[in-house]
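Working through the structure, step by step
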Amino acid sequence: MDVAMVLRDVTMPLPMRADWGEDLEWPYPGLLAAVVAEFAGHAVAGLPFFTPETVTTDHGSVYRNHHLVEVERVLGCQVLPAPVLRPTDKAAVERAFGVIRQLLFEHLVGYTGVDVADRGADPAADAVLTADQLEHLIATWIVGVWQKRKLGEYAPAWDPDGSHSPNSLFAASFTQTGFAMDIPSPELFYELLPAHYVRIDKRRGVKIRGLWYDDTDVLRDYRGELSTRGGKHKGKWLIRRDPRDRRQVFFQDPISHAWHPLPWTGMPRAGQMPAFGDARASALLAKAAAAGLKPKSDTELLPVLLELIGSNIPVSKWPTQLKKSQRTEHARETHQARAAQADRPPSTPAPAPPPAPARSCWGGDGDGAELAGPGPPDAGSGRR
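All of the points below concern the structure found in this document. (Residues numbered from 1 in each chain as written. Predicted model: local features only at pLDDT ≥ 70, side-chain atom pairs only at ≥ 80, totals over all residues. Heavy atoms only, no water.)

1. Considering the overall build of the chain
The condition that has to hold: Every helix listed is a DSSP run of H or I at least four residues long, and every strand listed is a run of E at least two residues long, numbered separately from the N terminus. Each residue is placed in one exposure class: buried if its accessible area under a 1.4 Å probe, protein chains only, is under 20% of its type's maximum, exposed if it is over 50%, and partly exposed if it falls in between. Here, two residues are considered to be in contact whenever any of their heavy atoms come within 4.5 Å of each other. The accessible surface values rely on the Shrake-Rupley method and a 1.4 Å probe; as for residues, cover is taken only from the protein chains in view.
When helices and strands are counted, the chain shows eleven helices and eight strands. Looking at the chain residue by residue over its 384 residues, the buried ones come to 40%. Partitioning the intrachain contacts of the chain with sequence separation of at least 6 by distance along the chain shows that 67% fall at a separation of at least 24. For the chain, the exposed surface amounts to about 21100 Å²; the carbon and sulfur share of it is 55%.

Here it is, written out as C-alpha cells:
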C-alpha cells in the first residue's frame, strides 16, 4: 500500500502546508498557480506532478506482488526491476539519497551517519524530532531547497553553460512538450486498494479475510442479491480493503457510484476502536481458532483482539504500562491508521460502530467502551 500511495502522490499536486509561505507555491512560468489551484481544488506547492511511464526499483518484496501489478495497470505505468547488484541502473535515486544525507541529515541532531566516526557520543539522546516532524522537515526542504538548487556540473546537455535547477528544467519542458493537466480524481484511492469479490450475506454482510463487515443502510437493497458482474467473478460484489486499517472496508454503490465504508461488525457500540491492520487480524483469527472459539458474530472476537493489542490495561495508562514490544506494535498500527485516514478522500468518514448491538459469550455485553483506544487523527500520511 505504501508503494501504491507513493505512486498516486506523484500523479497529484502537492498541497501547500499551513506554515509554508508564498515562496514555496507553484512557481513555474507558462502555467499560472491560480490555474493549477483551480484544477486541484487547493493551493499547490512548487513540486512537479505527472504520471510516470516507468518506475525502476530494486528487488524488494514490496515491488513483486499481484497488488502492485494491478496498481500499475490502474495508473498506466510500468515498474521495472533493476538488474541485481547494479545500483548504477537507478543512479538518480542513489545520488538523491546521498545529496539529502549531505545537505540535510548531517546537520540534524541525532544523526548517526554511515560510519561510527560520523556519529556523536549519544545520538539517540540527541534526537528530538518525531517521525511526523522529520517528514515535515524533509518535505519543506525538498520544495524550498532541493527544487531550487543549482545543478552546477550536472546541467543539461543542451545548455551546459546555463544555470539550471530542477524547477527551471521542469519549466523548460513546457516549451518542448507542453504540460497535460491530468489530475486524478480523489476516488483513485479506492481503485488502488486490494480487491475482493464476494457475495453479500442476508444477515451478516460481507466477509473479508475472516472478518465480517456490514452497514444496514448501505447494503439494504443488495442483501442476498447477485450483482450484474459477469465473467470470472459472475454475480459477486466488489469490496475494497485497506491492509493498514481493518476496522472498515469499502463498497461502491452500483447506482450512485459513491463509495461507502462498511465497519467491522465487532466494533464496540460506543467509543472508538484501536487501529489494527492485516497482521493483527491474522493473529486474531489464529488465536481464536487455537482457543476453539467458533463465534456466532464478530463481537465475540472483540475481547480477543483487545487482549492482543494490550487493551486489558486501562486506556488512561496507555502506553506507560505496556511492554516495549506492545508499545512498538501499537504505535506502528496507529501510524498506519493515520496514513490510511490521510489518504482517503475527505468525504469518507472515520469508521463508526455498527447500528445493532450484540452480546458476547465472553461475559458482559462486549461493547469494550472503557477499553477504547484513540481513533485515527487527521495527521499527514508521512510520505511526501
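2. Topic: the side chain of Q147
Note that Q147 resides in the loop between helix 6 (131-144) and helix 7 (166-177). In this structure Q147 comes out as buried when scored by relative accessible area, which is 7%. In this view, Q147 contacts Y28, G46, L47, P48, I142, S165, P166 and N167; residues no more than four positions away in its chain are not counted.

3. Some words on the packing of aromatic side chains
Test applied: Aromatic pairing here means that ring centres of Phe, Tyr or Trp (its six-membered ring) are within 6.5 Å. Orientation follows from the plane angle: under 30 degrees is stacked, over 60 is edge-to-face, and everything else is tilted.
Per the counting criterion, the structure on display carries 19 aromatic pairs. Centroid distance W141 to W146: 5.9 Å. Interplanar angle 50 degrees. Geometry classified as tilted. On the basis of an interplanar angle of 70 degrees and a centroid distance of 5.4 Å, the ring pair of W264 and F276 is categorised as edge-to-face. Of this pair, W264 sits in the loop between strand 8 (259-263) and helix 9 (278-290) while F276 sits in the loop between strand 8 and helix 9, placing them twelve residues apart in sequence. According to the relative accessible area criterion, W264 is buried, its value standing at 0%. Given a relative accessible area of 0%, F276 falls into the buried group. Site record: aromatic cluster; members linked through ring pairs are W26, Y28, F49, F170, F174 and F179.

4. A look at the sheet that holds strand 7 (residues 248-252)
The line we're drawing: Strands qualify as paired when DSSP identifies two bridges or more between them. Angles run from 0 to 180 degrees between N-to-C directions of axes, and those axes are lines fitted to C-alpha atoms, restricted for helices to the stretch in contact.
Strand order across the open sheet formed by four strands is 3-6-7-8, with antiparallel pairing between neighbours. Only two strands of the sheet have a single partner each, and these edge strands are strand 3 (195-198) and strand 8. On average, each strand axis in the sheet is tilted by 35 degrees relative to the strand beside it, whichever way the strands run. Examined bridge by bridge, strand 6 (residues 237-241) and strand 7 share three bridges and lie antiparallel to one another.

5. Some thoughts on the nonpolar core
Spelled out, the test is: In these notes, a set of buried Ala, Val, Leu, Ile, Met, Phe, Trp, Tyr and Cys residues joined through side-chain atoms within 4.5 Å is what counts as a nonpolar core.
Grouped together as the largest cluster of nonpolar side chains are 28 residues, with contacts concentrated most on F251, L262 and W264. Elements represented by at least two residues in this core include exactly strand 4 (206-208), strand 5 (211-213), strand 6, strand 7, helix 9 and helix 10 (302-309). L262 has contacts with V206, Y213, D214, D215, V218, L219, I239, R247, Q248, V249 and F251, leaving out every residue within four places of it along the chain. If you look at the next biggest cluster of nonpolar residues, it comprises 16 residues, including V71, L75, F189 and Y190.

6. A few points about helix 6
Stated formally: For a helix, the expected span equals 1.5 Å multiplied by the number of residues minus one.
A rise of 1.5 Å per residue sets the reference length of helix 6, with its 14 residues, at 20 Å; its end C-alpha atoms lie 20 Å apart and thus fit the reference within 8%. Looking only at helix 6, the buried set comprises E135, A139, W141 and V143. Of the surrounding elements, those touching the buried residues of helix 6 are helix 4 (91-103).

7. Some details on helix 9
Heads up, the rule is: It is the directions from the helix axis to the C-beta atoms that the arc portrays.
Under the 1.5 Å per step criterion, the end-to-end length of helix 9 is 18 Å for 13 residues, consistent within 8% with the ideal 18 Å. For helix 9, the complete set of buried residues consists of D278, R280, A281, L284 and A288. Within helix 9, the buried residues cover an arc of 165 degrees as seen down the axis, which keeps them to one side. Exposed and oriented more than 90 degrees from the buried face of helix 9 are A279, A289 and A290.

8. Considerations on the pattern of salt bridges
This is how it is decided: A pairing counts as a salt bridge when a side-chain nitrogen of Lys or Arg comes within 4 Å of a carboxyl oxygen of Asp or Glu.
Taken as a whole and judged by the stated rule, the model has 20 salt bridges. As a salt-bridge pair, D89 and R86 come within 3.4 Å of each other at their nearest N and O atoms. In this structure D89 comes out as partly exposed when scored by relative accessible area, which is 33%. The closest approach of N and O atoms between E329 and R280, which form a salt bridge, is 3.2 Å. Linking E329 in helix 11 (residues 324-343) with R280 in helix 9, this pair joins segments that are 49 residues apart in sequence. When its relative accessible area of 34% is taken as the criterion, E329 is described as partly exposed.

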